[in-house]
Amino acid sequence: GVADYRNTLDFARNERMMRALITWVSVGVMPLFLHGQWSALSGGMNHIIRALHFDHASGRLYAVGSFTTSGDSITNGTAWWDGEFWHPLGQGCDPFVPVLSIDIWGDEVIVGGYFDAAGNVAGTARIAAWTGSEWAAVGDGGTGGGVLRVAFMDSVLFACGGFSTMGATSATNV
């Protein structure tokens with residue numbers, strides 16, 4: 001993983017590789033470092049990638065951001081890579097409105113950002129769940145402010161951002 005690079009003996013070389021990865025991801029090119037070389041990952045994205053998450057259970061690499069295409073697929077801010085091609089998560093989220101964060105719990109992919117809806121589903125403003133076949137609201141609905149990060153600890157979902165409610169619950173920024 002990314003953190004493993006800092007624990008190796010050749011810190012300077014690995015630091016340069018990580019800076020290259022960060023630079024490439026910020027312009028929507030998804031590089032792959034394999035057998036000592038960087039190469040493009042199935043065409044990359046047409047705009048910025050904000051977060052990556054590898055799901056060990058499924059073997060999928062998920063990417064979220066403000067892109068609308070991934071390789072040859074229309075993905076609208078959410079995509080997964082199977083090792084060869086990019087695939088959409090349904091209709092994705094609002095085009096060019098950033099999806100900023102992603103985490104996985106069980107079979108659900110949770111995303112947060114500034115989008116108004118995921119897959120045109122009611123109650124998915126700023127936070128939504130991909131069930132594997134469709135988008136769904138998280139709890140009793142989305143929020144009025146941006147969700148900057150989502151994370152699971154055990155079976156508890158945490159979200160932080162600039163909001164005062166989460167669904168119908170009062171929740172100031174977290």
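Residues numbered from 1 in each chain as written. Predicted model: local features only at pLDDT ≥ 70, side-chain atom pairs only at ≥ 80, totals over all residues. Heavy atoms only, no water.

A. View of the pairing of strand β3 (residues 49-55). Where β3 and strand β4 (residues 60-65) come together, six bridges link them in antiparallel fashion. Following the sheet pairing, A51 is matched in β4 by V64. Two successive antiparallel strands, β3 and β4, enclose a turn made up of four residues, where G59 displays a positive phi of approximately 75°. (Pairing = 2+ DSSP bridges. Helix = DSSP H or I, 4+ residues; strand = E, 2+ residues; numbered from the N terminus.)

B. Spotlight on the layout of surface pockets. Roughly 240 Å³ of internal volume is contained in the second largest pocket. Taken together, 13 residues line the second largest pocket, and the ones lying closest to its centre are I127, L157, F158, A159 and M166. Per-element tally for the lining of the second largest pocket: the top contributor is strand β14 (residues 156-161), with three residues. For the lining of the second largest pocket, the per-class residue count stands at nine nonpolar, three polar and one charged. (1 Å grid on protein atoms, 1.4 Å probe; cavity = no way out; pocket = protein on both sides within 12 Å on 5 of 7 lines; lining within 4 Å. Points joined across faces, edges and corners; volume = space filled by probe spheres on them. Nonpolar A, V, L, I, M, F, W, Y, C, P; charged D, E, K, R; others polar.)

C. Examining the pattern of salt bridges more closely. A complete count under the given rule lists one salt bridge for this structure. For the salt bridge of D116 with R126, the shortest nitrogen-to-oxygen distance reads 3.1 Å. Of the two residues, D116 sits in the loop between β10 (108-113) and β11 (127-130) while R126 sits in the loop between β10 and β11, which places them ten residues apart along the sequence. (Salt bridge = Lys/Arg side-chain N within 4 Å of Asp/Glu carboxyl O.)

D. Fine view of unusual backbone geometry. Non-glycine residue N120 carries a positive phi angle of around 60°. Note that N120 resides in the loop between β10 and β11. The class for N120 is exposed, based on a relative accessible area of 67%. Not every positive phi belongs to a glycine, and N173 is a case in point at roughly 70°. Along the chain, N173 falls in the segment after β16 (169-170). (Buried < 20%, exposed > 50% of the residue type's maximum accessible area, 1.4 Å probe, protein only.)

E. Main features of the sheet that holds β10. The four strands lie next to each other as β9-β10-β11-β12, forming an open sheet whose pairing is antiparallel. Both edges of this open sheet fall to β9 (99-105) and β12 (135-136), since each of them pairs with a single strand only. Two elements, β10 and β11, share four bridges in a ladder whose sense is antiparallel. Looking across to β11, one finds that V111 is bridged to A128.

F. Main features of the sheet that holds β4. Read across the open sheet, the four strands follow the order β3-β4-β7-β8; overall the sheet is antiparallel. Looking at strand neighbours, the two that pair on one side only are β3 and β8 (86-88), the edges of this open sheet. The sheet shows a mean angle of 25° between the axes of neighbouring strands, direction not considered. Of the pairings in the sheet, the one linking strand β7 (residues 78-81) to β8 comprises three bridges and is antiparallel in character. (Axes fitted to C-alpha atoms, helices over the stretch in contact; angles between N-to-C directions.)

G. Broad picture of the confidence of the model for the protein. Per-residue confidence for the protein gives a mean pLDDT of 82, with 80% of residues at or over 70. Confidence, expressed as mean pLDDT per element, reaches its minimum in the protein at helix α1 (residues 11-26) with 44 and its maximum at β12 with 98. Across residues 1-27, confidence stays below pLDDT 50; counting only partners more than four residues off in sequence or on other chains, it has 20 contacts. (pLDDT = per-residue confidence, 0-100. Contact = heavy atoms within 4.5 Å.)

H. Structural view of the nonpolar core. Counting residues in hydrophobic clusters, the biggest one holds 16 residues, and the most contacted among them are Y62, L89, I102, V109, V111, F115 and W135. Mapped onto this core, the elements with two or more residues apiece are β4, β9, β10 and β11. A total of three residues in this core trace back to one element, the largest contributor, which is β9. The contact partners of W135, leaving out residues within four places of it in the chain, are T78, L89, G90, Q91, G92, V111, A118, G119, V121, A128, A129 and W130. In this structure, I110, I127, V150 and M166 belong to the second largest nonpolar core, which totals ten residues. (Core = buried A, V, L, I, M, F, W, Y, C linked by side-chain atoms within 4.5 Å.)

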